[in-house]
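# Understanding the architecture of this molecule
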Amino acid sequence: MSNRGKRYLMKKTYRGIRQNISTKKLLKDELWVDSLSEGGDPLWAMAYPARYAVGMANLGFQYICTYLKELGVAVERFFDDIEGDRSLEEGRPVGNFPIITFSVVYEPDVKKMLNMLNRWGVSPLWKDRAEKREPIIGVGGSLSVINPLIFSHIADFVVLGDGEEVIPYLVKTVRGFSETGDRNEFWEFIAEHPSIFVPPLHLDMLRRGETLERKKSFCLDLSKAKGHALWVSPHTVFPDTLLIETQRGCFRGCPYCTIPSCFGRPRFRQLKEVIDDIRKASKLGIRRLGVIAPESGDYPWIKEVLKEIRDARLEVSFASLRIDNISDLLLETLVEGGQRQITIAPETGDQYFRVCCGKNFTNEHILDTLQKAQKIGLRKVKMYFMLGLPNEEDKHILETAKLIMEVKKNTGMNVVASVGLFIPKPQTPWANMGFSHSTYKNKVSLLKSAIAGLKGSEIRVQSAREAKEEYRITWANADDTLDYFYSDVAPNRNKTVEQLKNLGF
Ligand code: SF4
């Protein structure tokens, strides 16, 4: 390649992102739902360890940016696919920021976060950063509520719970640090908040088996939450969609799920606030809504919300829908808004197994609902299944194959079966259950061969390697140093449980 070619590429690298959309265009195409000032103090890097398209589709990430801006902080965004070490907004190098906070939602994002730090030339360990006077790193997001021990050697601090309750204190403390530059003092101050885990002060205590009495902080009054995203963009996985929240927590007791055990009791936004958000979207010319909730159909005023969406002639998608929550009104609203696909999570085709999973609905119920959906105009169904559930036998997997075939036969819809391996998660009722990684490939083969040749269907399978990595990361504990994330060592689940208990969980 000629030097000119190299320079051109470098220029593109600094200016743009890997998906060939310049940062300038990304910013220009963002619609601001609320007008908030830019600039402020201190400089604060807010990073999402995935692509722009994914990070901007995360309401939690957008909330934190909003809250920081409301408090007058100069927050600028970083994503995994923005080349170089520059912020999206001003193209500022990451080294200019005294603090970088990551929103980490999924286990694979931990490795992406480490890769971003490496790429930026920022030490991944808090110990090294302190010696080299590199930026403070904070972590929040779902994973820090499920198992904050993952970040024991990486983060200077980990927020345990909802940002609404912690951010004002955090901002005050970071402002103090910006003035003094005294890291030890920063750690001491920040540790005074009971919902912040501060590894530089707490790690050795945990390793010695001492108790810390940290506690998760939950925003129980959702009128304190922003409720909707700050930006709408055509370049996200939910293009041109305003994300609005209706609920946190879940009253269903699915024993594999982290929501009931990790994210606080169920709470709902007031209907009026949700309606106001829908009207705001309409007024701004936004045509699509994305409803964010652990289980959208459990919202007590879902009928009123659907009616408002229909009256406003908006398109809507839901983050999740239980089959026993899908009403005719909901199906009609989906179709009238232009949706052609529905996503459900039967988990298994075996009814007894499904009840054990906390999902008390039958295969007949699934077929009836999907037939209705097809008649109304939906053309595609995506179904989530798990393999490797506790006490699973081949006959249960064959029941899953049977359900997939019956859905195809009875509805004629395009069927996408998305299959993953059951991964026991910390703090859940099934935390102690086995992880059947070694037999996963055989289970997948059995399922695939049972539906081989089924036309108009597709099976998407989580790889065994991905599942194992997710399992290992989700169970990391304070004894696991950086090498652990790049090794094949089995996690010590008992140790993780003990340390989480000592942390105060
Ligand atoms: S799987 Fe869904 S319905 Fe079940 S507990 Fe989790 S969020 Fe609630």
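Residues numbered from 1 in each chain as written. Predicted model: local features only at pLDDT ≥ 70, side-chain atom pairs only at ≥ 80, totals over all residues. Heavy atoms only, no water.

### Notes on empty space enclosed by the protein
- This model, assessed by the stated rule, comprises one cavity of 30 Å³ or more.
- There is about 50 Å³ of room inside the largest cavity.
- Taken together, Met56, Ala57, Gln62, Trp231, Val232, Ser233, Thr236, Phe238, Thr241 and Leu243 make up the full set of residues lining the largest cavity.
- Looking at the lining of the largest cavity, the elements with two or more residues in it are strand E8 (231–232) and strand E9 (241–245).
- Tallied by class, residues from the lining of the largest cavity come to six nonpolar, four polar and no charged. (1 Å grid on protein atoms, 1.4 Å probe; cavity = no way out; pocket = protein on both sides within 12 Å on 5 of 7 lines; lining within 4 Å. Points joined across faces, edges and corners; volume = space filled by probe spheres on them. Helix = DSSP H or I, 4+ residues; strand = E, 2+ residues; numbered from the N terminus. Nonpolar A, V, L, I, M, F, W, Y, C, P; charged D, E, K, R; others polar.)

### Points about the sheet that holds strand E12 (residues 288–292)
- Pairing is parallel in the open sheet, where three strands are placed in the order E9-E12-E13. The sheet is open, and its two edges are formed by E9 and strand E13 (315–318), each paired on a single side. Across the sheet, the axes of successive neighbouring strands diverge by a mean angle of 25°, strand direction being ignored.
- Summarising the sheet, E12 and E13 pair through four bridges and their orientation is parallel. By the bridge assignment for E13, glycine 290 is matched with serine 317. (Pairing = 2+ DSSP bridges. Axes fitted to C-alpha atoms, helices over the stretch in contact; angles between N-to-C directions.)

### Notes on the sheet that holds strand E17 (residues 457–461)
- One open sheet holds the four strands; their spatial order is E14-E15-E16-E17, and the pairing between them is parallel. Each edge of the open sheet carries a strand with a single partner, namely strand E14 (341–347) and E17. Averaged over neighbouring strand pairs, the angle between their axes works out to 20° when direction is ignored.
- With five bridges connecting them, strand E16 (residues 414–421) and E17 associate as parallel partners. Bridging across to E17, valine 419 finds its partner in valine 461.

### Some thoughts on the packing of aromatic side chains
- If you walk through the whole model with that rule in mind, you get 17 aromatic pairs.
- Taking 5.3 Å as the distance between ring centres and 65° as the angle between the ring planes, the aromatic pair formed by phenylalanine 78 and tryptophan 120 counts as edge-to-face. Highlighted residues: phenylalanine 78 in strand E3 (residues 74–79) and tryptophan 120 in helix H5 (residues 108–120), separated in sequence by 42 residues. The pair formed by phenylalanine 78 and tryptophan 120 is uniform in burial state, with each residue classed as buried.
- Ring geometry for tryptophan 126 versus tryptophan 187: centroids 6.0 Å apart, planes at 80°, classification edge-to-face. On the criterion of sequence distance, the pair formed by tryptophan 126 in helix H6 (residues 126–132) and tryptophan 187 in helix H9 (residues 183–190) is long-range, its members being 61 residues apart. (Phe/Tyr/Trp six-rings, centres within 6.5 Å; stacked < 30°, edge-to-face > 60°. Buried < 20%, exposed > 50% of the residue type's maximum accessible area, 1.4 Å probe, protein only.)

### Here we look at the confidence of the model for the chain
- Looking at the chain, the pLDDT average stands at 93 and 96% of residues meet or exceed 70.
- A low-confidence stretch, residues 1–17 (pLDDT under 50), is modelled with 17 contacts involving residues beyond four sequence positions or located in other chains. (pLDDT = per-residue confidence, 0-100. Contact = heavy atoms within 4.5 Å.)

### Considerations on the packing of helix H13 (residues 302–311) against helix H14 (residues 328–336)
- H14 packs onto H13 with a crossing angle of 25° between their chain directions and a minimal axis gap of 10 Å. When the axes of H13 and H14 are compared, the pair comes out roughly parallel. Relative to H14, the crossing made by H13 is left-handed. Contacts between H13 and H14 involve Lys303, Leu306, Ile309 and Arg310 on the former and, on the latter, Leu329, Leu330, Glu332, Thr333 and Glu336. (Parallel < 35°, antiparallel > 145°, perpendicular 65-115°, else oblique. Left-handed = near helix turned anticlockwise from the far one by under 90°.)

### Observations concerning the pairing of strand E4 (residues 99–103)
- Most of E4 sits inside the fold, with five of its five residues counted as buried.
- Neither face of E4 is open: one carries Ile99, Thr101 and Ser103, the other Ile100 and Phe102, and all of them are buried.
- Relative to E4, strand E2 (residues 43–48) runs parallel, the two being bridged by four bridges. Among the inter-strand pairings, methionine 46 is bridged to a residue of E4, identified as threonine 101.
- Bridge count for E4 against strand E5 (residues 136–140) is five bridges, and the pairing is parallel. Counted as the bridge partner of isoleucine 100 is isoleucine 137 from E5.

### Points about a negative patch on the surface
- On the surface, Asp182, Glu185, Glu188 and Glu192 cluster together to form a negatively charged patch.
- Position of glutamate 192 relative to the elements: it lies in the loop between H9 and strand E7 (196–197).
- For glutamate 192, a relative accessible area of 56% gives the class exposed. (Patch = residues over 30% accessible without salt bridge, like charges linked within 9 Å, V, L, I, M, F, W, Y side chains within 5 Å. Areas by Shrake-Rupley, 256 points an atom, 1.4 Å probe, with all protein chains shown as cover. Salt bridge = Lys/Arg side-chain N within 4 Å of Asp/Glu carboxyl O. Lys, Arg positive; Asp, Glu negative; His and termini not counted. Charge placed at Lys NZ, Arg CZ, Asp CG, Glu CD.)

### Digging into the nonpolar core
- One finds Phe102, Trp120, Phe151 and Ile342 to be the most contacted residues of the largest nonpolar core, which totals 138 residues.
- No other element matches the seven residues that helix H4 (residues 59–70) contributes to this core.
- Here phenylalanine 102 is in contact with Ala47, Pro49, Met113, Met116, Leu117, Trp120, Ile137, Gly138, Val139 and Gly140, once residues within four sequence places are set aside.
- If you look at the next biggest cluster of nonpolar residues, it comprises eight residues, including Tyr256, Met386, Phe422 and Trp430. (Core = buried A, V, L, I, M, F, W, Y, C linked by side-chain atoms within 4.5 Å.)

### A few points about helix H20 (residues 493–503)
- When we look at burial in H20, the residues that qualify are Arg493, Thr496, Gln499, Leu500, Asn502 and Leu503.
- The inward-facing, buried residues of H20 abut helix H7 (142–146), E7, helix H10 (199–207) and helix H19 (464–474).
- Two residues or fewer after H20 comes glycine 504, characterised by a positive phi angle close to 120°.

### Quick notes on the domain arrangement of the chain
- When its domains are assigned, the chain resolves into domain 1 (14–207), domain 2 (241–339) and domain 3 (340–474).
- Taken over C-alpha atoms, the centre of domain 2 sits 24 Å from the centre of domain 3.
- Every contact between the two is made by 19 residues of domain 2 and, on the other side, 29 residues of domain 3.
- Summed over both partners, the interface of domain 2 with domain 3 buries about 2100 Å², with 68% contributed by carbon and sulfur atoms.
- Interface area lost by domain 2 to domain 3 is led by Pro255, Tyr256 and Ile323, which between them contribute 37%.
- Our count for the contact surface shared by domain 2 and domain 3 stands at one salt bridge.
- Across the salt bridge formed by lysine 372 and aspartate 328, the nearest N and O atoms sit 3.4 Å from each other.
- It is H14 that contributes the most residues to the side of domain 2 that touches domain 3, five residues altogether.
- A breakdown of the residues in the side of domain 2 that touches domain 3 according to their chemical character gives 11 nonpolar, four polar and four charged. (Domains from an automatic or database assignment. Buried area = accessible area lost by both parts, 1.4 Å probe.)

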